[in-house]
Amino acid sequence: MVFLNLSNYSSINGRVWNTQRILKEKNAKVENIIELLLMARGIENKNDIKLFFDPPDPHSIPLKDIGIKETEIKKLTDRLKKAKKENEQIVIFGDYDTDGVCATTIVWEVLYKMGFKVMPYLPNRFEEGYGIKADSIKKLKKIYPDLGLIITVDNGIVAFEAASEAQKLGIDLVISDHHEPGSVKPQSLAVIHTTKTSGAGVSWFLARETVKFFKSDLDLKDLLGLCALGTVADQLPLLGINRALVKHGITALRTTDRPGIIELCNVAQVVQENIGTYEINYALAPRINAMGRLDHAMDSLRLLCTKNHTQAKNYANKVGKTNSERQKIVEEVVFHADQSASQKNWENIIVLSHESYHEGVIGLAAAKLVEKYHLPAIVMTENEGICKASARSIPGFNIIKAIRQLEGYLITGGGHEMAAGFSINKENLDSFINEIDKIAASLLTDEIRTRKLQIDLELDFNALSWDLAEKLIAFEPCGVGNFNPVFRTNNVEIKENKLLGKDGKHLRLILKESEREYEAVAFGLGNQAKALNVGRKIDIAYNLDINRWNGRESLQLKIKDIMI
């Protein structure tokens, strides 16, 4: 075995291929391939390998491993004991994205089942914006005169004004969040915070400790499914704690009898027993997200909470319909934003603002621009002199830290390394664009600017087998931080070439190397059909997959990129 790090290769997609390992043996053992894949992920000692393939039950993970302080949890549980005794009103204040909706559901459901007087609350994106604010506190106090305790989930770590208002009104505020904190934390009763997991992850551990404190017999295994939904949707690295949460959580999702998940799968045309990270990212989470983007996220929360199948079906149909509307709006905003972006030669960061952009989808538009131009992107919508912005980034560029260098411009703001949201006065827009461009120019190195494809291992077709494909299943759940293993094979001959799909966007290829042939599918590369003519030799980067169709199974290569 030879271990090399090769770079400076470009492809038809304009990406540099970074090949981490090369396997020279033609008849390599599957065990050796698995070992190299683990090494590519920095997993080498026996204990780390065991934890990777057999992640611990989240019930057994100590708080210190999560980064949550036991002293802060004790402040919460002691305060809950008082609230229970005095029958005080509690509000769980969440967020309108999938992570926030799941986090809210977890904490509300546990406290409700334990007999607390508790209500969930999700802000309206268009009227209240992201996160708890002073006005939110005042509003809740009017709704619930006996309100004594507010617990935030997936927000609050920069809610200084809200914390101050809560103190004035005699309301105890407990903040649970996973976003990047500022230099100081808000003055509140307790701050349950870590950046190691999602908002739903923090909520699940909060719920676990609460159940333990009150010696409740509540079973939290089913709620791990909602934890997995939030963690995958929020694009957290699927290693360590998050791998444990998602691995056990996906098992819970596949077997849950929760009506909302069952009906959501039906609407999204997902087989519940097959739920994985792909199904969460592209089918389930977008539908849960859609309500908060276009309307109000409470119906997404009701979908997850209801015990009635008829209600669940109605809510699932509603989120499905809203998601279809969201897709149309995204297409319109992305088309306009892309047209605007293409008119300027952006070098460091893309910043676009227009009054026609729908506030609920500007984050999705920013993500599309990042995907196309491989630059950080900020898309804003304008209304009554205020620009509301959503930002997305590229690996290596911490977008929230860059934005916080311009704190003086911000009305509100928060987020994490890859995504952020904020608002500024329109009169400051030009100055903000100039300053954020300077910051990006100073931080974006050539290494960060380079569009890359990380390849785990270069090998020959002789090394591919059914045994290997089945062993690769153990690498799931795959996602950020633990992508589906990518292989590279050089000097592959194209034996057949056929367009797929009604519009010919995709390619089906028969490829030959080392006297072995495999079928391959290249999604989105139909426009390269002429260049990929029969008889041509190419280098390919791909995933090894088991294709199941009409009761038949076959090995298939899923092409990630091609070098001509």
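Structure's up top.
This write-up is about the structure you can find in this document.

What counts and what doesn't
Residues numbered from 1 in each chain as written. Predicted model: local features only at pLDDT ≥ 70, side-chain atom pairs only at ≥ 80, totals over all residues. Heavy atoms only, no water. Salt bridge = Lys/Arg side-chain N within 4 Å of Asp/Glu carboxyl O. Helix = DSSP H or I, 4+ residues; strand = E, 2+ residues; numbered from the N terminus. Buried < 20%, exposed > 50% of the residue type's maximum accessible area, 1.4 Å probe, protein only. Pairing = 2+ DSSP bridges. Axes fitted to C-alpha atoms, helices over the stretch in contact; angles between N-to-C directions. Contact = heavy atoms within 4.5 Å. Core = buried A, V, L, I, M, F, W, Y, C linked by side-chain atoms within 4.5 Å. Phe/Tyr/Trp six-rings, centres within 6.5 Å; stacked < 30°, edge-to-face > 60°. Right-handed = clockwise from strand over helix to strand, strands pointing away. Parallel < 35°, antiparallel > 145°, perpendicular 65-115°, else oblique. Nonpolar A, V, L, I, M, F, W, Y, C, P; charged D, E, K, R; others polar. Disulfide = S-S within 2.5 Å.

**Quick look at the pattern of salt bridges**
Thought 1: The final tally for this structure, using the stated rule, is 34 salt bridges.
Thought 2: For Arg41, the salt bridge is made with Asp456, and the minimal N-O distance between the two is 2.8 Å. You can see Arg41 sitting in the loop between helix H1 (30-40) and helix H2 (46-53) and its partner Asp456 sitting in the loop between strand E12 (452-455) and strand E13 (457-458), a full 415 residues away along the chain. The two residues Arg41 and Asp456 agree in class, both being buried.

**As for the sheet that holds strand E6 (residues 190-193)**
Thought 1: With respect to topology, 5 strands assemble into an open sheet ordered E3-E2-E4-E5-E6, the strand pairing being parallel. Whereas interior strands pair on both sides, the edge strands pair on one side only; in this sheet they are strand E3 (117-121) and E6. Between one strand axis and the next, the sheet turns through 15 degrees on average, direction left out of account.
Thought 2: Bridging between strand E5 (residues 172-177) and E6 involves 4 bridges; their strand directions are parallel. Pairing of Ile175 across the sheet is with Val191, part of E6.
Thought 3: Packing against the sheet, helix H5 (residues 98-113) makes contact with strand E2 (89-93), E3 and strand E4 (147-153), and its axis sits at approximately 170 degrees to E3.
Thought 4: Helix H6 (residues 134-143) contacts E2, E3 and E4 of the sheet and is inclined by roughly 135 degrees relative to E4.

**A few points about the nonpolar core**
Within soluble globular proteins, side chains that are nonpolar tend to cluster in buried spots.
Thought 1: Core analysis: the biggest nonpolar cluster contains 71 residues, and Ile90, Ile92, Ile151, Leu229, Ile280 and Leu284 have the highest contact counts within it.
Thought 2: Here the element with the most residues in this core is H5; it accounts for 8 residues.

**Describing the packing of aromatic side chains**
Thought 1: What the rule picks out here adds up to 14 aromatic pairs.
Thought 2: Arranged with centres 6.1 Å apart and planes meeting at 80 degrees, the rings of Tyr409 and Phe432 form a pair that is edge-to-face. On the criterion of sequence distance, the pair formed by Tyr409 in the loop between helix H16 (399-404) and strand E10 (410-415) and Phe432 in helix H17 (residues 429-443) is long-range, its members being 23 residues apart.
Thought 3: Taking relative accessible area as the criterion, Phe432 reaches 0% and is therefore assigned buried.
Thought 4: Ring centres 6.4 Å apart and planes at 85 degrees place the aromatic pair Phe461 and Tyr542 in the edge-to-face group.

**Details of unusual backbone geometry**
Thought 1: Here Glu476 and Pro477 are connected by a cis peptide whose omega angle stands at 5 degrees.
Thought 2: In this structure, Lys215 is a non-glycine residue whose phi angle is positive, near 55 degrees.
Thought 3: Position of Lys215 among the secondary structure elements: in the loop between helix H8 (199-213) and helix H9 (223-233).
Thought 4: At Ser514, a position not held by glycine, the phi torsion is positive, near 55 degrees.

**Brief notes about the pairing of E5**
Thought 1: Most of E5 is tucked away, with 5 of its 6 residues classed as buried.
Thought 2: Sheet topology places E4 next to E5; 5 bridges connect them, and they run parallel. By the bridge assignment for E5, Ile151 is matched with Val174.
Thought 3: As a crossover connection, the stretch from E4 through helix H7 (residues 160-168) into E5 is right-handed.

**Digging into the side chain of Gln89**
Thought 1: With respect to the secondary-structure elements, Gln89 resides in strand E2.
Thought 2: With sequence-adjacent residues up to four places away left out, Gln89 is seen in contact with Lys117, Val118, Met119, Tyr144, Asp146, Leu147, Gly148 and Leu149.

**Some points on the packing of H5 against H8**
Thought 1: It is at 8 Å that the axes of H5 and H8 come closest, and there the two elements cross at 10 degrees. As summarised for this structure, H5 and H8 are arranged roughly parallel, according to the angle between their axes. Side by side, H5 and H8 meet where Asp99, Cys102, Ala103, Ile106, Val107, Val110 and Leu111 of the first sit next to Gly199, Ala200, Ser203, Trp204, Leu206, Ala207, Thr210 and Val211 of the second.
Thought 2: Taken together, the residues that form the contact of H5 with H8 break down as 11 nonpolar, 3 polar and 1 charged.

**So, the sheet that holds strand E7 (residues 350-354)**
Strand pairing in a sheet is mediated by backbone hydrogen bonds. Such pairs are either parallel or antiparallel.
Thought 1: Judged by pairing direction, the sheet is mixed, and its 5 strands sit side by side in the order E7-E8-E9-E11-E10 without closing on themselves. Only two strands of the sheet have a single neighbouring strand rather than two, namely E7 and E10. Geometrically, the sheet is characterised by an average inter-axis angle of 15 degrees between neighbouring strands, direction not taken into account.
Thought 2: Pairing geometry for E7 and strand E8 (residues 377-383), over 5 bridges, is parallel. Counted as the bridge partner of Leu352 is Val379 from E8.
Thought 3: Lying on the sheet, helix H15 (residues 362-373) is in contact with E7, E8 and strand E9 (386-392); it crosses E9 at an angle near 45 degrees.
Thought 4: Contacting E7, E8, E9 and strand E11 (419-425), H17 runs over the sheet at an angle of about 175 degrees to E8.

**Some thoughts on the state of the cysteines**
Thought 1: Enumeration according to the criterion identifies 0 disulfides in this entry.
Thought 2: In this structure Cys227 is not part of a disulfide, and its nearest cysteine sulfur, from Cys102, lies 8.6 Å away.

**So, the pairing of strand E16 (residues 516-522)**
Put simply, side chains in a regular strand alternate between the two faces of the sheet.
Thought 1: Strand direction decides the pairing type here: strand E15 (residues 506-513) and E16, joined by 7 bridges, are antiparallel. Bridge pairing in E16 links Arg508 to Val521.
Thought 2: Where E16 and strand E18 (residues 552-563) come together, 3 bridges link them in parallel fashion. Among the inter-strand pairings, Ala520 is bridged to a residue of E18, identified as Leu557.

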